[in-house]
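Single-letter residue listing:
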Amino acid sequence: MEINYVKYRSRSTTDVYKNVRNKMDILKVLNSSGYTQIGDLITLKDGSSFNVKEIPRLDFGMLGILPTAKNNIIDFGSACYFKYTNSSGKSRAVFSMPGGSLSRPMSEHINGNTEYDKDTERYIYFWNSMAAGKPYLPYPGNPNLPDLGYSNKQIRSYLDEAGISKGFFSVKIGSKESELFYSNSEHCPVFSKEEYDLRYYTMTSTDFSYEKSVFNCLEPGTEITIAGEKYTLKEDFTLDIPYGTDIYDIQIPKHTHVSKVTHNIDYKA
């Protein structure tokens, strides 16, 4: 959501606002691209300068609500403001950087709203990781990032609250977009599309049959349950699975870890 402000002009005798038309412009450029500060003088990257006391404050009543997924796509937009409410009921502003990440608005920091909020930082870190296509988050109790550990249950909670359904989904922030896969697997809830595609290839393509097959310790004819459906392992150690099936929600019969593959079978390297 974009914030509308009344037209704003400096009363200073020096026209330090020559590139800034109103308060909206100040906040958008400041929060989008950064600034330098010498004393009380703030200079934006577009050359605009003004006194730190004249930075407008965000009106929390005009902040947008957090986005939810449409067609399994969650889009935070670019240079948009949202209101995040933490578990204690306190609200914080979240800004979508044009470069592709969420952050607390820098204008809030300059205006003295510097209080650290764990819930907000966790929300920002989670969606930034998804948008970057890096869904493997720190585990709870991680000594390096103690506030940013996520259990599988917590990861599912973020996705479910955003209205994301199982299967492929996309996350957009500014210029960045990633496609991922939300799985019912008990081991890991989210995988990148690249990871899904590679695993699907190893399970279905003859290029990855025989020694390279993920099923090479099973007998052809073995029934394997994937996403609640039964599939029969073929002679070439592959399965006929529709693309998009939750291949991580899999149940394989107990077996030895000795390859059943005969080495005189010709396969592609």
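Remember, it's a predicted structure, so these values are computed and weren't measured experimentally. Each chain has its residues counted from 1, running along the sequence as written. The predicted nature of this model means local features are confined to residues of pLDDT at least 70 and side-chain atom pairs, given and counted, to a pLDDT of 80 or more, with totals for whole chains, interfaces and linings taken over all residues. Side-chain measures were taken over the full set of non-hydrogen atoms in the model, leaving aside hydrogen atoms and water.

Student: Residue-level account of the overall build of the chain, with values.
Tutor: Numbering of helices and strands runs from the N terminus, with a helix taken as a DSSP run of H or I at least four residues long and a strand as a DSSP run of E at least two residues long. Looking only at helices and strands, the chain has 5 helices and 13 strands in total. For the chain, the residues scored as buried account for 45% of the 269 residues in total. The contacts of the chain with a sequence gap of at least 6 include a subset with a gap of at least 24, amounting to 55%. For the chain, the exposed area adds up to about 14,500 Å²; of that, 50% sits on carbon and sulfur atoms. Here the term buried applies to any residue with accessible area under 20% of the maximum for its type, exposed to any over 50%, and partly exposed to those in between, with areas from a 1.4 Å probe on protein chains only. Here, residues are in contact when the closest pair of their heavy atoms is within 4.5 Å. Calculation of accessible area relied on Shrake-Rupley with a 1.4 Å probe; when residues are assessed, cover is drawn exclusively from the protein chains displayed.

Student: Could you give me a rundown of the pattern of salt bridges, with the residues and numbers involved?
Tutor: For side chains bearing opposite charge, pairing can occur when the charged atoms are close. One speaks of a salt bridge when a side-chain nitrogen belonging to Lys or Arg is within 4 Å of a carboxyl oxygen belonging to Asp or Glu. Per the stated rule, a full pass over the model turns up 3 salt bridges. Taking the shortest distance from any N to any O, the salt bridge between Asp240 and Lys234 comes out at 3.1 Å. For Asp240, a relative accessible area of 54% translates into the label exposed.

Student: Residues and numbers for the environment of Thr85, please.
Tutor: Topologically, Thr85 is positioned in strand β5 (residues 81-85). The exposure class assigned to Thr85 is partly exposed, which follows from its relative accessible area of 41%. Spatially, the C-alpha atom of Thr85 lies 9.6 Å from that of Leu66, the residues being 19 residues apart in sequence. Ignoring anything within four residues of it in the chain, the contact list for Thr85 reads Lys90 and Ser91.

Student: A description of the sheet that holds strand β2 (residues 41-44) should follow, citing residues and the corresponding values.
Tutor: Pairing between the strands of a sheet is mediated by backbone hydrogen bonds and can be parallel or antiparallel. Any two strands between which DSSP finds at least two bridges are classified as paired. An order of β1-β2-β3 is seen for the 3 strands of this open sheet, with the pairing classed as antiparallel. The two strands at the open ends of the sheet, each matched to only one other strand, are β1 (35-38) and β3 (49-51). When the angles between neighbouring strand axes are averaged without regard to direction, this sheet yields 25 degrees. Taken together, the 3 bridges between β2 and β3 define a ladder with antiparallel strand orientation. Directly across from Thr43, in β3, lies its bridge partner Ser49. What counts as an axis is a line fitted to C-alpha atoms, over the stretch in contact for a helix, and the angles between N-to-C directions run from 0 to 180 degrees.

Student: Tell me about the pairing of strand β6 (residues 91-97), residues and numbers included.
Tutor: Among the 7 residues that make up β6, 6 are buried, leaving the element largely enclosed by the rest of the structure. Sheet topology note: the β5/β6 ladder contains 5 bridges and is antiparallel. Paired with Lys83 across the bridge in β6 is Ala93. In this structure, the hairpin formed by β5 and β6 is closed by a connection of 5 residues, where Gly89 is found at a positive phi of approximately 90 degrees. Relative to strand β7 (residues 101-103), β6 is paired through 3 bridges, and the arrangement is antiparallel. Each residue of the ladder has a partner; that of Met97, found in β7, is Ser101. Where β6 hands over to β7, the hairpin turn is made up of 3 residues, of which Gly100 adopts a positive phi near 115 degrees.

Student: How would you sum up the pairing of strand β11 (residues 223-226)? Please name residues and give values.
Tutor: Consecutive side chains of a regular strand alternate in pointing toward one face of the sheet and then the other. Pairing between β11 and strand β12 (residues 229-232): 4 bridges, direction antiparallel. Residue Glu223 lies in a different strand from β12, and its bridge partner there is Thr232. In sequence, β11 turns back onto β12 through a hairpin of 2 residues, with Ala227 there showing a positive phi of about 50 degrees. In this sheet, strand β13 (residues 250-251) lies alongside β11 in antiparallel orientation, the contact comprising 2 bridges. Bridging from a neighbouring strand, Thr225 pairs with Gln251 of β13.

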